Structures are given as C-alpha cells and as structure tokens.
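As a plain string of letters, each chain reads:
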Amino acid sequence: PPRHYCIVSNPVIIGADGVPELDSHKQIKVRHGDLEVRFNSDPFPLFPGEKLHTPVKPLEFVKNQKALRLAALRDFTDGKRTVKAGDEWMFYGPATYYPRVDVKIVENVAATLISANQALKLRCKKAFTDRTGVARKMGEEFLYKEAGAFLPDVE
C-alpha cells in the first residue's frame, strides 16, 4: 500500500535492466545475510531464498515538536555526507521518516516546554557548538533559558 514498507532478508541481486542476476548454474544470485527495505510498489513475489524479515508497516510520520534519535549500524554514504557506524543524529519533524537497514531508531524525543523564568540544566555528551553559537566541552553543564519548545541535540 502507499506509504508502507517492509524489510526483506537475503534479497536477490537485481541487474541494471531490472531483472534478477543469475549465476553460472542459472540460479538467482542472493545477498546472503543482508537486508533490503522495500517501499510501496506493485505487489512483488519473494524470490527463492528471500524471506520477509519485517512485515508490511506504515512509514513513521514524525510530528511537529518531536524527533527521532538515530544511530548508524554500519558505515554508509548518504548524499554528500559519510556516516560511520556508531554515529548518532536527530531527525526532526514534521516529516516522514524513510527507514534504512543501516540505521536504527534509538528513541522518540519530544520537545520540552520552557516557560518564562524557567531553565533546563543540560550536560554535554561530547564537545560541540550549541545553537546559540557557544563552544561547549564534553561533560560541561549549562542552563538553557530561552522560553519556548526545546528539542535537544544528540551532543
């Protein structure tokens, strides 16, 4: 169905012409031990050796003032950036999250509302520059006082 996906284990190798590749014995080539995410498309058969790893599920929509904390399971290149295994980042809403086999969802994060005369006490997990432009060191604690919704960074 539209806006759904499933994960297939041991996917077949598809050639440039869109046809599964065959080995010298006319058997379909399979990427053993690998996973592949298949998004909404025409109904498709599972080729010999393929298994449905995750049943068909709807894509996750991340609402406004919410985010997903993601972690890379293995190295990959996504457009212009290279991601190393273990790297973490945030996926901010509102947007639809399209899953990858290289990435796992660590947690769903909701914004914290900061009223007037309130603050959040934050601790840095690693060195970074915060959203106000101040360089922070690992382990440093500081107060965030700006009123409104606050979504934390991974750092």
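Before reading further, recall that the structure is shown in the block above.
Residues numbered from 1 in each chain as written. Predicted model: local features only at pLDDT ≥ 70, side-chain atom pairs only at ≥ 80, totals over all residues. Heavy atoms only, no water.

(A) Looking closely at the nonpolar core. If you look at the biggest cluster of nonpolar residues, it comprises nine residues: V62, L68, L70, A72, F76, V83, W89, Y97 and V103. In terms of residues, this core owes the most to one element, strand β5 (residues 66-72), which gives three residues. Apart from residues no more than four positions distant in its own chain, V103 is found in contact with L70, A71, L73, F76, W89 and Y97. (Core = buried A, V, L, I, M, F, W, Y, C linked by side-chain atoms within 4.5 Å. Buried < 20%, exposed > 50% of the residue type's maximum accessible area, 1.4 Å probe, protein only. Helix = DSSP H or I, 4+ residues; strand = E, 2+ residues; numbered from the N terminus. Contact = heavy atoms within 4.5 Å.)

(B) Region of interest: unusual backbone geometry. Of note, the amide linkage connecting G93 to P94 takes the cis form, showing an omega dihedral of 5 degrees. Along the chain, the position of P94 falls in the loop between β8 (88-92) and β9 (95-97). One non-glycine residue, K26, adopts positive backbone phi at about 60 degrees. In this fold, K26 is placed in the loop between β1 (4-9) and β2 (35-39). For K26, a relative accessible area of 64% puts it in the exposed group.

(C) Inspection of the pattern of salt bridges at higher detail. Within this structure, the stated rule accounts for 16 salt bridges. The shortest N-O distance in the salt bridge between D78 and R100 comes to 3.8 Å. In this pair, D78 is assigned in strand β6 (residues 76-78) and R100 in the loop between β9 and β10 (103-110), connecting sequence segments 22 residues apart. Residues E141 and R123 are paired through a salt bridge, measuring 2.1 Å at the closest nitrogen-oxygen approach. Taken as a pair, E141 in strand β15 (residues 141-144) and R123 in strand β12 (residues 120-123) lie far apart in primary sequence, 18 residues in all. (Salt bridge = Lys/Arg side-chain N within 4 Å of Asp/Glu carboxyl O.)

(D) The arrangement of the sheet that holds β10 in detail. Sheet architecture is open: three strands sit in the order β8-β5-β10, paired in antiparallel fashion. Two strands bound the open sheet, and with one partner strand each, they are β8 and β10. Sheet twist, expressed as the mean angle between neighbouring strand axes with direction ignored, is 30 degrees. Where β5 lies against β8, five bridges are found, and the strand directions are antiparallel. Within β8, the position partnered with A67 by the bridge is Y92. (Pairing = 2+ DSSP bridges. Axes fitted to C-alpha atoms, helices over the stretch in contact; angles between N-to-C directions.)

(E) Quick peek at a nonpolar patch on the surface. A cluster of nonpolar side chains, namely F44, L46 and L52, defines an oily patch on the protein surface of about 250 Å² accessible area. Judged by its relative accessible area of 40%, L46 is partly exposed. (Patch = residues over 30% accessible without salt bridge, like charges linked within 9 Å, V, L, I, M, F, W, Y side chains within 5 Å. Areas by Shrake-Rupley, 256 points an atom, 1.4 Å probe, with all protein chains shown as cover.)

(F) Spatial organisation of the sheet that holds strand β3 (residues 51-58). The strand order β2-β1-β3 describes an open sheet built from three strands, whose pairing is antiparallel. Looking along the sheet, the strands with just one partner apiece sit at the ends: β2 and β3. Strand-to-strand twist of the sheet, defined as the mean angle between neighbouring strand axes without regard to direction, takes the value 20 degrees.

(G) Just the packing of aromatic side chains, in detail. Enumeration according to the criterion identifies five aromatic pairs in this entry. Between F91 and Y97, the ring centres sit 5.4 Å apart and the planes meet at 65 degrees, which makes this aromatic pair edge-to-face. Taken together, the ring pairs in this structure connect Y5, F39 and Y98 into an aromatic cluster. One cation-aromatic arrangement involves R131 over Y144; the distance from NZ or CZ to the ring centre is 6.0 Å. In this arrangement the basic side chain of R136 is found over the ring face of F142, its NZ or CZ atom lying 3.8 Å from the centre. (Phe/Tyr/Trp six-rings, centres within 6.5 Å; stacked < 30°, edge-to-face > 60°. Lys NZ or Arg CZ within 6 Å of the ring centre and 35° of its normal.)

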